[in-house]
Amino acid sequence: MTAFALIDGNSFYCSCERVFDPKLESRPVIVLSNNDGCAVARTNEAKALGIRMGAPYFKIRSLCEREGVVALSSNYALYGDMSRRMNEIYETFSPRTEVYSIDETFLDVTDVPPGDRMPWAKDLSATIRRWTGIPTCVGIGPTKTLAKLANKAAKKLSDGVLDLTDPDERARVMANFPIGDVWGVGPANQIKLGSIGIAFADQMRDLDPRRARELMTVVGERIVYELNGQPCLPLEDVPAVRKGCAVTRSFGERVTTKLAMEQAVAGYATRLGEKLRRHGLATDHVTVFMHTSRFADNEPQRNVSMTVDLPEATNDTLQLIKASRRAVDQLWRSGYRYSKAGIITDDLVRPADRQRALFDTLDQDKASKIMQALDEANRRWGRATVFPAAMGVTRTAFSTKFERRSPRYTTRWEELPQCR
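Every value quoted in this text rests on a predicted model; they were computed, and no experiment measured them. (Residues numbered from 1 in each chain as written. Predicted model: local features only at pLDDT ≥ 70, side-chain atom pairs only at ≥ 80, totals over all residues. Heavy atoms only, no water.)

J.: Is there a simple way to think about a negative patch on the surface in this case?
T.: Side chains of Asp284, Asp309, Asp346 and Asp347 sit close together on the surface and give a patch of like negative charge. With respect to the helices and strands, aspartate 309 occurs in strand β11 (residues 303-314). A relative accessible area of 55% places aspartate 309 in the exposed class. (Patch = residues over 30% accessible without salt bridge, like charges linked within 9 Å, V, L, I, M, F, W, Y side chains within 5 Å. Areas by Shrake-Rupley, 256 points an atom, 1.4 Å probe, with all protein chains shown as cover. Salt bridge = Lys/Arg side-chain N within 4 Å of Asp/Glu carboxyl O. Lys, Arg positive; Asp, Glu negative; His and termini not counted. Charge placed at Lys NZ, Arg CZ, Asp CG, Glu CD. Helix = DSSP H or I, 4+ residues; strand = E, 2+ residues; numbered from the N terminus. Buried < 20%, exposed > 50% of the residue type's maximum accessible area, 1.4 Å probe, protein only.)

J.: Whenever I open this one, the sheet that holds strand β9 (residues 244-255) confuses me. Can you help?
T.: The strands that make up a sheet are held in pairs by hydrogen bonds between backbone atoms, and each pair lies either parallel or antiparallel. Reading across from one edge, β9-β12-β10-β11 is the order of the four strands in this open sheet, with antiparallel pairing throughout. For this open sheet the edge positions go to β9 and β11, each flanked by a neighbour on one side alone. Between one strand axis and the next, the sheet turns through 15° on average, direction left out of account. Where strand β10 (residues 283-292) meets β11, eight bridges bridge the pair, whose relative direction is antiparallel. Looking at the pairing, methionine 290 lines up with valine 304 of β11. The strands touched by helix α11 (residues 258-278) within the sheet are β9, β10, β11 and β12 (338-346), with β9 carrying the most contacts at an inclination of about 150°. Strands β10, β11 and β12 of the sheet are contacted by helix α12 (residues 317-331), whose axis makes an angle of about 150° with β11. (Pairing = 2+ DSSP bridges. Axes fitted to C-alpha atoms, helices over the stretch in contact; angles between N-to-C directions. Contact = heavy atoms within 4.5 Å.)

J.: Could you clarify how one ought to interpret the pairing of strand β6 (residues 104-108) in this entry?
T.: The two faces of the sheet receive side chains in turn, since in a regular strand these alternate between them. Among the five residues in β6, five count as buried, and that is most of the element. Covered by surrounding structure in β6 are Glu104, Phe106 and Asp108 together with Thr105 and Leu107, the residues of both alternating faces. Relative to β6, strand β1 (residues 4-9) is paired through five bridges, and the arrangement is antiparallel. The residue of β6 that forms the bridge with leucine 6 is phenylalanine 106. In this sheet, β6 lies alongside strand β5 (residues 97-101) in antiparallel orientation, the contact comprising four bridges. Counterpart to threonine 97 in the pairing with β6 is leucine 107. Between β5 and the antiparallel strand that follows it, β6, lie two residues.

J.: What exactly am I supposed to notice about the sheet that holds strand β2 (residues 29-32) here?
T.: What the three strands build is an open sheet, ordered β3-β2-β4; its pairing is mixed. If you trace the sheet from one side to the other, it starts and ends with β3 (39-42) and β4 (70-73), each paired once. When strand polarity is set aside, the average angle formed by the axes of neighbouring strands in this sheet is 30°.

J.: Teacher, can you tell me more about the nonpolar core here?
T.: Considering soluble globular proteins, one finds that nonpolar side chains tend to be buried as a cluster. One finds Phe251, Met261, Leu272, Met290 and Ile343 to be the most contacted residues of the largest nonpolar core, which totals 33 residues. Counting residues per element, the ones that place at least two in this core are β9, α11, β10, β11, α12 and β12. In terms of residue count, the dominant contributor to this core is α11 (nine residues). Formed by 32 residues, the second largest nonpolar core is a distinct cluster that contains Val29, Tyr79, Val109 and Ile134. (Core = buried A, V, L, I, M, F, W, Y, C linked by side-chain atoms within 4.5 Å.)

J.: How should I be thinking about the packing of aromatic side chains in this particular structure?
T.: Both the distance between ring centres and the angle between the ring planes are used here to describe each pair of aromatic rings. Evaluated as defined, the whole model comprises twelve aromatic pairs. Consider the rings of tyrosine 13 and tyrosine 76, whose centres lie 6.3 Å apart with planes at 80°: the pair is edge-to-face. Separated by 63 residues along the polypeptide, tyrosine 13 in helix α1 (residues 12-20) and tyrosine 76 in helix α4 (residues 76-93) bring together distant segments of the chain. Measuring from centroid to centroid gives 6.1 Å for tyrosine 336 and tyrosine 338, while their planes differ by 45°, and the two rings are tilted. For tyrosine 338, a relative accessible area of 0% gives the class buried. Chaining the aromatic ring pairs together yields one cluster made of Phe12, Tyr13, Tyr76 and Tyr79. Here the basic side chain of arginine 302 rests over the ring of tyrosine 336, its NZ or CZ set 5.6 Å away from the ring centre. Note that arginine 380 overlies the ring of tryptophan 381, its terminal NZ or CZ placed 5.3 Å from the centroid. (Phe/Tyr/Trp six-rings, centres within 6.5 Å; stacked < 30°, edge-to-face > 60°. Lys NZ or Arg CZ within 6 Å of the ring centre and 35° of its normal.)

J.: Is there a simple way to explain the domain arrangement of the protein in this structure?
T.: Under the domain assignment used here, the protein contains domain 1 (1-160), domain 2 (176-240) and domain 3 (244-391). With centres defined by C-alpha atoms, the gap from domain 1 to domain 2 works out at 24 Å. The interface of domain 1 with domain 2 comprises 17 residues on the first partner and 15 residues on the second. Together domain 1 and domain 2 conceal approximately 1,500 Å² of surface at their shared face, both sides included; 69% is due to carbon and sulfur atoms. Broken down residue by residue, the surface that domain 1 buries against domain 2 is led by Arg96, Thr145 and Leu149, which jointly contribute 34%. Applying the counting rule to domain 1 against domain 2 returns zero salt bridges. Applying the counting rule to domain 1 against domain 2 returns seven residue pairs in polar contact (both at pLDDT 80 or more). Contributing elements (two or more residues each) for the side of domain 1 that touches domain 2: β5, β6 and α6 (144-154). (Domains from an automatic or database assignment. Buried area = accessible area lost by both parts, 1.4 Å probe. Polar contact = N/O pair within 3.5 Å; in protein donor to acceptor, adjacent residues only side chain to side chain.)

Below is the structure:
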């Protein structure tokens, strides 16, 4: 019988911070999004104070100061490296794993005897805590949906481990498991299901799959089968090819000039090109957007976007910058204080599969060599060592701010932890 385990780091970003700063243990801690905008991770102590996920920091600042909440900027270099270390450990426990997100990974435990799965899961969790310092929860089930459900339910248990491969135990847990917490059931679908009296996971399990499909498309039908222990989602141990890519940022300061917006968008196009080349993909269009802050009640509001087509699919940074600046030319209107902008693209293709332009004025071989040299220089000496002049020399006005960021302990020599 197929069995999956899902392990995730508890309040992962906050736990990473606690590993290197023991003084944060037992204190309420939150990690903020880009530009210290809103809470994206919270410890249990912070949750107990009523701080909600996504709460804007300017609205909870006084609460944090009054209650002694430690608010930190996102430290993505640290979180990404800690995630990598954890996944290396997971691979020693299971021959097949699927990294689902920065803090969640599925493991195939089919070959672990049923009676040994709980000890196996406890050993896995204890090993991660001992070797990395990150507390985790482990959920086991015959399908990925049930493994996610078990993981969620395990967070309320003292040892953080739950096995739902046993039908009786599964029925007991599902009878009190809110339908809104089931993987794949979003807020809109929760309302639809509530309208027909479905409030808990066991009620969703007993729903006619055809009815679930009418309410939630094929996703709903699949959830019903998975809740009944019939696997519909295989373990994706080979990463799927990316279908889309986005680079978006909130500005550290409001952007009020066209030049600053052009430089910002050029920077995002540069980052987009880096991502596409790293994944061996290309795009034949980019969508550029910009908008003001919805929290600025006394300022005029504007939210605009534009898609620019390219002659053929490319991952050449200079071509992406040229297309994005065309969009800025069309979209820009003075008199607004823009708080965010970005570039989005989808329908990505591999360069070898792209349709060539009839009149191709770009020397593809020369452009490819330039991009290879650019990437190699930045890999060797650090990101943005070499960058297009279109990004501008000083970019402080629209750079993302991390005023409360902790040191990047594991990836920067100059920021290694020091013993005093």
